[in-house]
Amino acid sequence: MKLQLCAEIEGQFLLKEKVTAKFFPYEFVLFSRGEKRYISVTKPVKDYVGYTPKVFFKDGLVHIEATNPEIYKDLEDWLYYIEALGSFDFEVSKIHIDELEVNWICENDEEMGLIPITSLKRKRQEREAEKYVTENNLSNIVIFRRMLPEAHIPFSYYRQAKAFFDDNNYYFAFINFFMMLEFCFAGGKFLKKDITNNFKKSNLLKLCVLSAISMIKANELSGNYSWLLSECKSREKEVNYEGIIYILVEYRGLLSHASERSKAYLFNDSKLRPLAFITSMICFLLCGYIQVYSCSNEESKNQMMLERINKLKIELGWN
């Protein structure tokens, strides 16, 4: 039996015909299908029974269990490797590893019929537009420039981070979300101690963090709040504002530098999804509060923020 991963590949290169390469026990193929180009990686598998797709009935419904990803982790690693080095060698821009096609290839009659489903494709769930733009939306942005002349800088980090997040690239999503926070609250400092101290002083950031955690806690089915509890516990920190700031700054230091510790996350973005999601919520709320409070004077703004912060502390049990 052979196992194959296939994914669309994009880049500034041309294919006259199918291109193949072999590196025992793997076989690599670049080919065209219609207007798109694809790359496949194939390997032989002896003990495949415990990894193949399964079909079973539960509560009167048919369920499909996909191929266990442990069996093709090495094939995914090859795709990441080719995507990275191919960016230089023949201008690969992207391999759609998030939309893999997993194929089992039978080599003899005995293997035929042992696997109920020989091919499954992992598809991304595309977001659909839900919001109509109104005259107020556009007018408000134009008016905000008078009160917030530099707002486009942190909002640009938010835009880039959101694009990475929607592309399931949680590593660089977090980096850009953090850069938004850094621009707004770090006071031009870059050392961990200085960033942490300046973050702790900001009532606006505290309001965003507490509001985000309140919303995340209320939707615990997603597992993001459990991830936060686990992170605080493993780092011996209280689940409070200071503890969350510590975690954000720690991850910023880890992921902003190329090292043995950070490389484990570079091609395993799923580990970083809770971190990126929590930070995205904080930044989403920050965008809203920046605009809401742009018309308020400092005294009025601080009073409103402190009142809301105190209510959130009670709600979260952080008194």
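If you're wondering where the values come from, they're calculated on a predicted model, not measured in any experiment.

1. Here's the deal with the side chain of Lys-43
Here is step 1: Assignment of secondary structure puts Lys-43 in strand β4 (residues 36–44).
Here is step 2: Relative accessible area serves as the criterion here: at 10%, Lys-43 is assigned to the buried category.
Here is step 3: There is a polar contact of 2.8 Å between the side chain of Lys-43 and the backbone oxygen of Ile-71.
Here is step 4: The residues contacting Lys-43, other than those within four sequence positions of it, are Met-1, Lys-2, Leu-3, Pro-25, Tyr-26, Ile-71, Asp-74 and Leu-75.

2. Let's talk about the nonpolar core
Here is step 1: Counting residues in each nonpolar core, the largest one holds 57 residues, and the members touching the most others are Phe-199, Tyr-251 and Leu-255.
Here is step 2: Counting residues per element, the ones that place at least two in this core are α3 (152–166), α4 (170–185), α5 (192–201), α6 (203–218), α7 (224–234), α8 (241–255), α10 (273–292) and α11 (298–316).
Here is step 3: Broken down by element, this core gets its largest block of residues, eleven residues, from α10.
Here is step 4: Look past the residues within four positions of Phe-199 in its chain and what remains in contact with it is Phe-178, Leu-181, Glu-182, Phe-185, Ala-186, Leu-205, Tyr-241, Ile-245 and Val-249.
Here is step 5: The next biggest cluster of nonpolar side chains, apart from the first, holds 26 residues, and it includes Phe-28, Val-45, Tyr-80 and Trp-104.

3. Examining a nonpolar patch on the surface
Here is step 1: The grouping of Val-55, Phe-57, Val-62 and Ile-64 at the surface amounts to a nonpolar patch, some 420 Å² of accessible area in total.
Here is step 2: Looking at the nonpolar patch, the elements that each hand over two or more residues are β5 (54–58) and β6 (61–65).
Here is step 3: By secondary structure assignment, the location of Phe-57 is in strand β5.

4. Brief notes about the packing of α4 against α5
Here is step 1: For the pair α4 and α5, the least separation of the axes is 10 Å and the interaxial angle reads 75°. What the angle tells us is that α4 and α5 run roughly perpendicular. Packed against α4, whose contacting residues are Phe-178, Leu-181, Glu-182 and Phe-185, the element α5 presents Ile-195, Asn-198 and Phe-199 at the interface.
Here is step 2: Among the residues making up the contact of α4 with α5, the classes are represented as five nonpolar, one polar and one charged.

5. Section: the pairing of strand β8 (residues 101–105)
Here is step 1: Burial of β8 is extensive: four of the five residues sit out of reach of the surface.
Here is step 2: Relative to β8, strand β1 (residues 2–11) runs antiparallel, the two sharing five bridges. Counterpart to Leu-3 in the pairing with β8 is Trp-104.

6. Description of the state of the cysteines
Here is step 1: Per the stated rule, a full pass over the model turns up zero disulfides.
Here is step 2: The thiol sulfur of Cys-106 is not disulfide-bonded, and the nearest other cysteine sulfur, from Cys-6, lies at 17 Å.
Here is step 3: Accessibility expressed as a relative area gives 24% for Cys-106, which makes it partly exposed.
Here is step 4: Free of any disulfide, Cys-208 has its nearest cysteine sulfur in Cys-283, 8.2 Å distant.
Here is step 5: Judged by its relative accessible area of 0%, Cys-208 is buried.

7. Digging into unusual backbone geometry
Here is step 1: Of the consecutive residues Phe-24 and Pro-25, the connecting peptide bond is found in the cis state with omega at 5°.
Here is step 2: Locating Pro-25 in the fold gives a position in the loop between β2 (19–23) and β3 (26–33).

8. Considerations on α11
Here is step 1: The terminal C-alpha atoms of α11, which comprises 19 residues, lie 26 Å apart, in line with the 27 Å expected from a rise of 1.5 Å per residue.
Here is step 2: Taken together, the buried positions of α11 are occupied by Lys-301, Met-305, Ile-309, Leu-312 and Leu-316. When α11 is viewed along its axis, its buried side chains cluster within an angular range of 65° and face the same direction. The outward face of α11, more than 90 degrees from its buried face, is lined by the exposed residues Glu-299, Lys-311 and Ile-314.
Here is step 3: Next to the buried residues of α11 lie α6.
Here is step 4: Two to three positions downstream of the cap, the backbone nitrogen of Glu-299 sits 3.2 Å from a side-chain oxygen, assigning the N-cap of α11 to Asn-297.

9. Some words on the packing of α6 against α11
Here is step 1: At a minimum axis separation of 9 Å, α6 and α11 run at an interaxial angle of 35°. The two elements α6 and α11 meet at a crossing, and its hand is left-handed. Packed against α6, whose contacting residues are Asn-203, Leu-204, Lys-206, Leu-207, Leu-210, Ser-211, Ile-213, Ser-214 and Lys-217, the element α11 presents Asn-302, Met-305, Leu-306, Arg-308, Ile-309, Leu-312, Lys-313, Glu-315 and Leu-316 at the interface.
Here is step 2: For the contact of α6 with α11, the residue count by class is nine nonpolar, four polar and five charged.

What counts, and where the lines are drawn
Residues numbered from 1 in each chain as written. Predicted model: local features only at pLDDT ≥ 70, side-chain atom pairs only at ≥ 80, totals over all residues. Heavy atoms only, no water. Helix = DSSP H or I, 4+ residues; strand = E, 2+ residues; numbered from the N terminus. Buried < 20%, exposed > 50% of the residue type's maximum accessible area, 1.4 Å probe, protein only. Polar contact = N/O pair within 3.5 Å; in protein donor to acceptor, adjacent residues only side chain to side chain. Contact = heavy atoms within 4.5 Å. Core = buried A, V, L, I, M, F, W, Y, C linked by side-chain atoms within 4.5 Å. Patch = residues over 30% accessible without salt bridge, like charges linked within 9 Å, V, L, I, M, F, W, Y side chains within 5 Å. Areas by Shrake-Rupley, 256 points an atom, 1.4 Å probe, with all protein chains shown as cover. Salt bridge = Lys/Arg side-chain N within 4 Å of Asp/Glu carboxyl O. Axes fitted to C-alpha atoms, helices over the stretch in contact; angles between N-to-C directions. Parallel < 35°, antiparallel > 145°, perpendicular 65-115°, else oblique. Nonpolar A, V, L, I, M, F, W, Y, C, P; charged D, E, K, R; others polar. Pairing = 2+ DSSP bridges. Disulfide = S-S within 2.5 Å. Expected span 1.5 Å × (residues − 1). Arc of directions from axis to C-beta. Left-handed = near helix turned anticlockwise from the far one by under 90°.

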